[in-house]
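Structural characterization, general
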Amino acid sequence: MPARAFPVAPLAVALLLAPFSPSLAHAQKKKTADLKAPEPGYVFPSGGKAGSAADVQLGGYDWTPDLQFFVLDSRATLQTTGEPGPVMVPPPPYWFGAKSTQNALPLPREQPAKLTLPADLPPGPVRWAVASASGAGVKTGIFWVGTEPEVIEERATKVPQKLPALPVTVNGRLSRIEEVDRYRFAVAKDGPVTLDVFARRLGVNMNAALSVRNPNGEVVADAVDTDGQDLAVTFWATAGTDYTVSLHDLDFRGDRSFVYRLALTPGPRVVATVPAAGKRGETRDVEFVGYGLVTGKQQLESLTRKVTFPADPKKDELAYRLDTAFGATPAFGIPLSDAAETVAAAKPAALTLPAAVTGVMDQTTEARFTCEGKKGDVWNLAAEARRFGSPLDLSLAVVDATGKELVRNDDLPGTTDAGLAFTLPADGAFTVVVGDISGKAGTRGAVYRLTAEKVAPDFTLSTVARLNVPLGGTADLVVKVVRKGGMKEAIALAVSGLPEGVTAPPNLVIPGTAAELKITLTGVETASATAALVSVTGTASAATRPAFAPIPANFAVRSPNDERTTSILLATTLAPRLKLVAVEADGGRKVHRGSTHPAEVTLERINDFKGEVSLQMSAAQSYQRQGITGPDMTVPADADRAFYPCFMPEWLETTRTSRMELIGVVKVPDAKGKVRYLVTPMSGRITMSIEGSILKVSAPQELNVKPGEAAEVPVAVLRSAKLSVPVQLELKLPEELAGMLKADAVTVAPGQTTAVFKIACVKGAKFDGEVTVTIRGTALQDGKYAVVSEAAVTVDCATK
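Remarks on the overall build of the protein
- Check the secondary structure of the protein and you find 2 helices and 68 strands.
- Taken over the C-alpha trace, the protein has a radius of gyration of 31 Å; the compact-globule value for 800 residues is 28 Å, and the two agree within 12%.
- C-alpha extents for the protein along the principal axes are approximately 95 × 75 × 45 Å.
- The buried share of the protein, taken over its 800 residues, is 51%.
- Put simply, 71% of the contacts in the protein that link residues at least 6 apart link residues at least 24 apart.
- Total accessible area on the protein is roughly 34,500 Å²; 51% of this is exposed by carbon and sulfur atoms.
- Side chains of the protein give 85 positive and 85 negative charges; the mean places of these two sets differ by 2 Å.

This is the structure we're talking about:
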C-alpha cells in the first residue's frame, strides 16, 4: 500500500470538470503528442537460487496493466501473477534543508510475478525489460542468481532478525530514509566468515556501510563502500557467539528501490588469481590471493591449487570455490580465454604476439614488456585490472627504442582499464609500458592482465538496445560497424525476430566504404501493438558477428562487455491520443500546509479519441517528495479540463516551492481490438509556494495503557477562520500494529477546540517495547478537499 496515502474525498475526484467542446475535438484530429514509455526498476526479493521459482515484486515506473515483460536470458522465465499496484509514495522520515532540493527518486508501482530459474543457470545477473503500446523502456532491471540458501528480510521488527545456519543469502531492502537493517547469526566452528553486499551490482545507487558487533557491542569488522563497487569483509568468528551485522546506506538514504543481497559464508575470501584468466581446456597451477586463505586471519594470503579450466567454448567464466582448511570460499569468477596465459617475471620480459600475461604490482607501479614488430603491423593492446576486481587504475603506453612515447591511453569508455590499437611506424623493437595511477599497488591483490595481438581482418557491429516503431509509420534502426585489420569488404546484415506487422527492406548491406547502415523499419497500421526481442547479425568473409547493444544498469560493472546484449527490445506504438497541460505551469500558487490544492489542467483529445482519461502522479518528480501525493483520478469523456488534488502535508517547508508532475493515461483498442494503454506526460509542472497550516491537531506525546484496557487522550484542535468545518479524528497504525490497538473515530464540531480520544490496547497483544501511533485529524475544505493534521503519540503497553 502507498505510504501516507491521505484520503481524498469522492467529490474531490470529480473535481469541477468542465464540459467537452466538440469544435475543439474536430481541430485535434491532426495533432501529435509525446508518449512516455514504461521503465523497469527493481525486483524484491532481488535474487534467487538456481533451480528454484521465486515469488517476487517487480518495481517499475509509469506502468500500465498491459505491460509486456522480457527476460534477456531465454533460460529464465518471468510470469506476472497480478496487476500493477498503486503509486508508492516514500514514507517519513524526509530530508529537509539543502537535501530536500535534491532530485527525487522515481515513484514506482509494484506488480507480483513468478521468476523461474533453471538449475543450470550460472550465478550472476539476469536482466529484464518492459514495453507497452507507449514504447519500450530504455532501462534494464537486474535479478541475481545465487548458489546458496536464500531468506527474505522480515519487516517490522525492532530486534535483529535471526538467520539460519550459514551459508545464507539475505534479500533485504532499505525502504526508507535512516533505516538500518540488523541480522543476528552464529557459526558452528571457529574460523573466518565472509560477508558480501550486492547493491550497486543490482543497479541500486546505494553505497553500503556495514559493521559486525559481538555480544558486548564491540565492532569486530566494518567496511564502507566509498568506491561505489559494493563491499565485502572477512573476519574471524568464534563458534557459539552471536554476532550482529548492521547494514545501511552511507548517507542513510532509503527507498523502495534500495534492494540488496547480503551473502554470509563461513570461510575465507578470494580477491585475485594469478594468472587472472585461464585457457580453455588447460590444467595448471593457479595462485589464489585472498583474506584468511592460510591462517584465517584478516590479512591477504596466497594459496596455490591445480585448476582444470573447462573446454566449453560457450562458457566465458569458471566460478571456482577454493577449498581451504577453514572451508570453501564464495565462488570467484575466473574468465576463460583461448590464449596461452602466462605470468610476468619480475624483470622486463619479451612478448611474442599473441600474448596474454598476468602481472602483480606488489613491489612496483610500472611494468615493461618488449616486442619486435614490422612497419605497418597493427597491434591491439589491452591492460585490464578492474575487470578482475583489482584496485589498480591502469595506463598503457608504447615507446620506441629511443625512449620516445608514441601512443598512450588511460581509460577506455566505461572503465578505468586501458587499451589501444597502434600501427607500427617502423621495423624494430618497441616497449609496452603498463602503469598504475591509483595509488593502491603494493599487495598481491594488485593484479593486472596485458593482452597483445596483431590485428587480423575482422569487424564488430553495434546498435541500440531499444527501438519504437509507430504503427502506420517508420523508424530507423542504425547499425554501426568498426573495421579492424584493414577489413574493407561489404557486410551483409540480417534482422531476425521482428514482431508481427514490422518489416525490414531486403538485401541489407553495409558497403565496404561505409561506417553504418540505417535500416528503415515499417510498422503496418493494421497490426496489433506488441513488442519482441530482435537480433541483428552481419556476415562477411572474415566471420559472422552479432550486433551488440549497450544495456547499462550495473553501477559496479567491471567491464563494458558485461553491459551489452544481442537482444534488441523493439516495440510497436500506437498514435498518441492526448495532450495534457498544466494551466499554472511553474506558477507558484500559494497553498497551506496540510491542505489539498486543486491544480487546474487542460486535456486535448486528439486522433479521434473521445474517452476517459486517468490523471496520475508521474514516476519522475522534481525535489524530494516529503509526502506530497495525489490520487489516480478519472476525467470523464465529456470534460476537457480538471482540477487535480495535490495533497500537501503539514510538515512541508515554507522556504521552498513544491512541485507535482502528472501523466495522462488513456485506454484504446489497437487494430486487432486488444485494449492498450497510452501514457502522455503533462506539459509543465504544478508548482506551489507553501504557507502556514490552517488546521493543527496536538496531543500528549506519551501514553500508558495495559493490554485489555483503554486510555483517554486529550486532543487539542486548532482551526483557521478559513476552516469552519468539523474535524474527524481517527487512529492510524503502522502495518505491524494492525489489530493490536483500536480507537473509535471522534468528530470535533466547528468551534470546539478539544476532544477526548480513547485508545484501547487489545487483550493478549504483544509489543516490542514502546510503539508510536498517529492521531489524524481530517477536515473537508469546501466540502471536498482534504485538510489533514497529525499528532504522534508514543504508547507504552507494558504488561506489568
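Brief notes about the pattern of salt bridges
- Throughout the structure, instances matching the rule amount to 34 salt bridges.
- The salt bridge involving Asp-632 is made with Arg-109; its shortest N-O contact spans 3.0 Å. Within this pair, whereas Asp-632 is found in the loop between strand 53 (613-617) and strand 54 (633-635), its partner Arg-109 is found in strand 7 (residues 109-116), the two being separated by 523 residues in sequence.
- For Arg-109, a relative accessible area of 7% corresponds to the buried category.
- Of the charged contacts, one joins Asp-230 and Arg-201 as a salt bridge, the two residues approaching to 2.8 Å between their closest N and O atoms. Here Asp-230 is found in the loop between strand 17 (219-224) and strand 18 (231-237), whereas its partner Arg-201 is found in the loop between strand 15 (191-198) and strand 16 (208-213), with 29 residues between them in sequence.

Some remarks on the sheet that holds strand 18
- One open sheet accounts for 5 strands, arranged 11-13-20-15-18; its pairing is mixed. Each edge of the open sheet carries a strand with a single partner, namely strand 11 (150-152) and strand 18. The mean inter-strand angle of the sheet, taken between neighbouring strand axes irrespective of direction, is 20°.
- In the sheet, strand 15 pairs with strand 18 via 7 bridges, with the strands oriented antiparallel. Each residue of the ladder has a partner; that of Val-197, found in strand 18, is Leu-231.

Description of the pairing of strand 37 (residues 428-436)
- In terms of burial, strand 37 is a largely internal element, 7 of the 9 residues being buried.
- The sheet contact formed by strand 32 (residues 366-373) and strand 37 spans 8 bridges and is antiparallel. Residue Phe-369 lies in a different strand from strand 37, and its bridge partner there is Val-432.
- Here strand 34 (residues 394-399) runs beside strand 37; their pairing, made up of 6 bridges, is antiparallel. Residue pairing in the sheet places Val-398 in a bridge with Val-432 of strand 37.

A word on the sheet that holds strand 28 (residues 332-337)
- Taken together, the 3 strands give an open sheet; going across it, the order is 22-28-25, and neighbouring strands pair in mixed fashion. A strand with exactly one partner marks an edge of an open sheet, and here the two such strands are strand 22 (278-279) and strand 25 (317-320).

Let's talk about unusual backbone geometry
- A cis amide bond, omega -5°, links Phe-44 with the succeeding residue Pro-45.
- Residues Leu-166 and Pro-167 are joined by a peptide bond in cis, for which omega reads 5°.
- Of note, Pro-167 is situated in the loop between strand 12 (161-162) and strand 13 (168-173).
- Despite not being glycine, Asp-62 has its phi angle at roughly 55°, a positive value.
- The residue Asp-62 is located in the loop between strand 4 (53-61) and strand 5 (68-71) in this model.
- Exposure remark for Asp-62: the relative accessible area of 9% places this residue in the buried category.
- A positive phi angle, close to 55°, is found at Asn-607, a residue other than glycine.
- Assignment of secondary structure puts Asn-607 in the loop between strand 52 (596-605) and strand 53.

About the cut-offs
Along each chain, residues carry numbers from 1 onward, in the same order as the chain's sequence is written. At least 70 in pLDDT is required for a residue's local features to be given in this predicted model, at least 80 for side-chain atom pairs to be given and counted, and no such filter applies to totals for whole chains, interfaces and linings, which use all residues. Side-chain calculation: all heavy atoms of the structure are included, whereas hydrogens and water are not. In this description a helix means any DSSP run of H or I spanning at least four residues, a strand means any run of E spanning at least two, and both kinds are numbered starting from the N terminus. As defined in this context, the radius of gyration uses C-alpha atoms, and a globule is described by 2.2 Å times the residue total to the power 0.38. Between buried and exposed lies partly exposed: a residue is buried under 20% and exposed over 50% of the maximum accessible area for its type, with that area taken using a 1.4 Å probe on protein chains only. Two residues form a contact once any of their heavy atoms are found within 4.5 Å. Each accessible area value is a Shrake-Rupley result obtained with a 1.4 Å probe; residue values ignore everything except the protein chains displayed when judging cover. Only four residue types enter the charge count: Lys and Arg as positive, Asp and Glu as negative, with His and the chain ends excluded. Where a charge lies is defined by one atom per residue type: Lys uses NZ, Arg uses CZ, Asp uses CG and Glu uses CD. Here, a salt bridge means any side-chain nitrogen of Lys or Arg that lies within 4 Å of a carboxyl oxygen of Asp or Glu. We treat two strands as partners when DSSP finds at least two bridges between them. Every axis in this analysis is a line fitted to C-alpha atoms, fitted for helices over the stretch in contact. Angles between the N-to-C directions lie between 0 and 180 degrees.

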